[in-house]
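Examining the three-dimensional arrangement
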Amino acid sequence: MDTKNKIFNSLTMVMSFVPLFILVSIFVFVLYYSFPAIQYMGIRFFTTYLWYPGIESRPPVHVNGVTAPYASSYGLILFLTGTLVSSALAIIIALPLSFFSSIAVELYLPSRMKKVLISIIELFAGIPSVVYGLWGIIVLEPVLFYYIEPWMKDNLSSVPGFAGEIYSGAGILASAIILAIMITPIIVSVMVNSFDTVPVEIKQGIISLGATKWELGKYLITGYSRMSTYGGTLLGLGRALGETMAVLMVSGAVVNVLPSSFYSAINTMAAAVASLLDSAFFDSTGMSIAALSELSLVLMIISLTVNVLGRRIAGRGALRGVELD
Amino acid sequence: MEISKLSVRAGQKTILDNVDINIYRNRVNTIVGPSGGGKSTFLKCLNRLAELDRNYRVTGEIFLEGKNVREYGEIELRRRVGMVFQRPNPFPMSVYDNVAFGLRLQGNVKKDEMDMMVSSSLQEAGLFDEVSDNLKRPASTLSGGQQQRLCIARALILRPAVLMLDEPTSSLDPVAKGKIEELMLELKERYTVVLVTHDIGQARKVSDYTSLLFNGKIVASGEGKDFLERTSDDTMKAFLGDLTA
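All of these numbers come straight from a predicted model, not from anything done at the bench.

What counts and how
Residues numbered from 1 in each chain as written. Chains lettered and ligands numbered in written order. Predicted model: local features only at pLDDT ≥ 70, side-chain atom pairs only at ≥ 80, totals over all residues. Heavy atoms only, no water. Phe/Tyr/Trp six-rings, centres within 6.5 Å; stacked < 30°, edge-to-face > 60°. Helix = DSSP H or I, 4+ residues; strand = E, 2+ residues; numbered from the N terminus. Buried < 20%, exposed > 50% of the residue type's maximum accessible area, 1.4 Å probe, protein only. Lys NZ or Arg CZ within 6 Å of the ring centre and 35° of its normal. Contact = heavy atoms within 4.5 Å. Salt bridge = Lys/Arg side-chain N within 4 Å of Asp/Glu carboxyl O. Polar contact = N/O pair within 3.5 Å; in protein donor to acceptor, adjacent residues only side chain to side chain. Nonpolar A, V, L, I, M, F, W, Y, C, P; charged D, E, K, R; others polar. Core = buried A, V, L, I, M, F, W, Y, C linked by side-chain atoms within 4.5 Å. 1 Å grid on protein atoms, 1.4 Å probe; cavity = no way out; pocket = protein on both sides within 12 Å on 5 of 7 lines; lining within 4 Å. Points joined across faces, edges and corners; volume = space filled by probe spheres on them.

Let's talk about the packing of aromatic side chains
Under the criterion given, the structure shown has 13 aromatic pairs over all chains. Consider the rings of Tyr219(A) and Phe91(B), whose centres lie 6.1 Å apart with planes at 45 degrees: the pair is tilted. On the criterion of chain membership, the pair formed by Tyr219(A) in helix H7 (residues 213–224) and Phe91(B) in the loop between strand S6 (81–84) and helix H3 (95–105) is interchain, its members lying in two chains. The pair formed by Tyr219(A) and Phe91(B) is uniform in burial state, with each residue classed as buried. A centroid spacing of 4.8 Å and a plane angle of 65 degrees characterise the contact between Phe91(B) and Phe101(B), whose relative ring orientation is edge-to-face. Taken together, the positions of Phe91(B) in the loop between S6 and H3 and Phe101(B) in helix H3 put the pair 10 residues apart, joining distant regions of the chain. The pair Phe91(B) / Phe101(B) is uniform in exposure class, with both members buried. Linked through ring pairs, Tyr40(A), Phe45(A), Phe46(A), Trp51(A), Tyr74(A) and Phe79(A) together constitute an aromatic cluster. Above the ring of Tyr72(B), the side-chain terminus of Lys67(B) is found at 4.5 Å from the ring centroid.

Focus on unusual backbone geometry
Residues and elements named next belong to chain B. A positive phi angle, close to 60 degrees, is found at Arg48, a residue other than glycine. The topology assignment puts Arg48 in the loop between helix H1 (39–46) and strand S4 (56–64). Arg48 sits in the buried class, given a relative accessible area of 11%. With a phi close to 40 degrees, Glu167 is a non-glycine residue in the positive phi region. Considering the arrangement of structural elements, one finds Glu167 in the loop between strand S7 (162–166) and helix H7 (174–187).

What about the interface of chain A and chain B?
Contact with chain A, which involves 21 residues of that partner, is made by 24 residues of chain B. Seen at the junction of chain A and chain B, the total is 1 salt bridge. Where chain A meets chain B, there are 3 residue pairs in polar contact (both at pLDDT 80 or more). Looking at the side of chain A that touches chain B, the elements that each hand over two or more residues are helix H6 (200–208) and H7 of chain A. A per-element tally of the side of chain A that touches chain B places H6(A) first, with 7 residues. Split into classes, the residues belonging to the side of chain A that touches chain B amount to 11 nonpolar, 5 polar and 5 charged.

Comments concerning the nonpolar core
It is characteristic of soluble globular proteins that their nonpolar side chains tend to be buried jointly. By size, the foremost hydrophobic cluster in this structure holds 96 residues, and its most contacted members are Met1(B), Phe42(B), Leu122(B) and Ile152(B). Per-element tally for this core: the top contributor is H3(B), with 7 residues. Of all hydrophobic cores here, the second largest spans 25 residues; its members include Phe45(A), Val66(A), Leu76(A) and Ala291(A).

A closer look at the layout of surface pockets
Its boundaries defined by the atoms lining it, the largest pocket holds a volume of some 840 Å³. Lining the largest pocket are 24 residues, with Glu106(A), Leu107(A), Leu52(B), Asp53(B) and Arg54(B) sitting closest to its centre. Broken down by secondary-structure element, the contributors of at least two residues to the lining of the largest pocket are helix H2 (77–108), helix H3 (111–124), H6 and H7 of chain A together with H1 of chain B. If you tally residues by element for the lining of the largest pocket, the top one is H6(A), at 4 residues. Considering only residue class, the lining of the largest pocket consists of 10 nonpolar, 5 polar and 9 charged. In this model, the second largest pocket occupies a volume close to 240 Å³. Lining the second largest pocket are 14 residues, and of these Pro53(A), Ser279(A), Ala280(A), Asp283(A) and Ser288(A) lie nearest its centre. Broken down by element, the lining of the second largest pocket gets its largest block of residues, 3 residues, from helix H10 (residues 269–280) of chain A. Broken down by class, the residue content of the lining of the second largest pocket amounts to 9 nonpolar, 3 polar and 2 charged.

So this is what it looks like as structure tokens:
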């Protein structure tokens with residue numbers, strides 16, 4: 001019995017470190033595979049937007065002790081721009097949506113409907129992102145191309161970013177809308193959860209001072225539960241930054257052309273890794289793989305940071321209710 | 001206020017059963033009774049807070065200054081009938097912002113006017129001298145008794161006709177409790193006070209008109225501080241006996 005217990009205890013000890021071990025080993029391996037690219041490109045990786053596999057018919061070049069295809073260049077600017085712009089735009093679209101729906105769910109719906117709606121919202125998280133992407137291609141892109149983008153161009157062209165050529169429905173807007181649809185449930189569920197931790201005395205106190213439900217909701221979002229609002233937003237952002245498949249399908253997956261308007265095709269860091277990996281294996285110097293590793297490394301650092309921040313802040317928001325007076 | 005045939009049901013359960021009470025102007029009107037007797041629900045009917053609970057069915061008529069409370073908008077009614085809760089519930093913001101909260105909901109108030117209203121409400125609630133050196137301090141740094149008086153100031157800034165206090169001292173120490181009891185006697189000069197308490201001693205000290213609410217029914221009511229002693233009602237005696245034993 002005693003030995004069994006000991007074995008069990010040490011096993012659980014070991015198992016509890018497995019997630020940490022996996023995380024660290026992924027990080028270490030991605031870092032390791034990035035080294036040739038870090039050697040080859042140096043700081044230029046962060047300053048150029050050109051991503052070019054080089055000319056295979058010419059002999060490879062040797063730089064800083066590593067070998068790379070002739071005239072090859074690997075820069076993250078285009079992908080970073082795509083990731084940041086599409087994610088930021090997604091947040092801008094998702095926030096008002098999330099505010100309205102969390103207030104509606106929390107304050108206007110009967111509690112039975114609230115439960116049903118919350119489980120539906122949580123179901124959204126289970127939809128494979130390729131399904132969002134497919135919906136984006138067959139529904140969203142035509143609607144954007146034929147109706148919304150021409151309307152925007154006609155009416156908003158004086159606003160920076162809204163003038164420009166429309167080539168197809170795929171691009172920044174389509175990516176941002178798809179991402180907004182994917183992250184709204186995340187933000188709503190964090191906010192609804194935080195509303196539930198607000199003491200009933202606070203809610204009744206606000207109502208008894210003559211606040212409408214809308215004013216109560218507004219105060220909870222921007223005041224009492226604001227840490228959860230920030231946290232939920234960051235968690236949504238974390239998801240948007242790392243989303244790959246859906247964005248790959250609707251972004252236009254462009255390389256080497258910087259976007260000039262919201263109608264432009266883009267590419268994101270995650271989508272680029274997925275879409276460029278296949279051809280990268282044909283690079284006999286291995287430099288393409290190294291460059292994609294470095295891209296993954298940067299993406300991993302950004303989205304881990306955002307997720308950790310989001311979790312910490314959202315957690316603090318939930319605690320506030322308990323700590324009050 | 002006049003309350004007539006007020007009943008509240010939640011499913012099969014009757015919380016208030018045909019309550020008839022008059023609330024007298026500039027008096028401390030006290031509802032006493034054991035916990036779970038429907039006292040808080042009674043108060044929540046007066047500002048229509050009870051209706052927010054979808055399980056509650058409220059019937060009967062309540063009049064404020066001759067007008068049925070249903071004819072007031074909910075918002076307007078809640079501004080006319082202020083409420084202070086059992087547990088101090090300051091919002092997590094500064095003392096100043098707490099008091100200003102209700103007025104800010106009404107729209108734009110000029111800064112100097114707001115300053116004046118905040119100070120006078122704090123003065124009325126007997127808190128001004130204790131906090132005037134720094135109104136920007138977080139409300140959570142105040143003591144429990146101060147927090148409760150802050151909540152009173154927060155209700156008073158809307159200049160309500162009626163101020164309802166739901167067991168306002170039950171979570172406070174004796175000194176803080178005494179201050180609030182004195183405050184009630186001052187407040188009734190300008191406001192109509194409705195006090196709910198299970199503390200007979202408190203009712204003796206401050207009440208002008210007392211009713212006993214027992215299992216959702218008003219079983220005795222009468223004027224005067226010594227009404228509680230003079231009563232011949234058996235239920236009241238049993239309740240008093242329970243508490244003094």
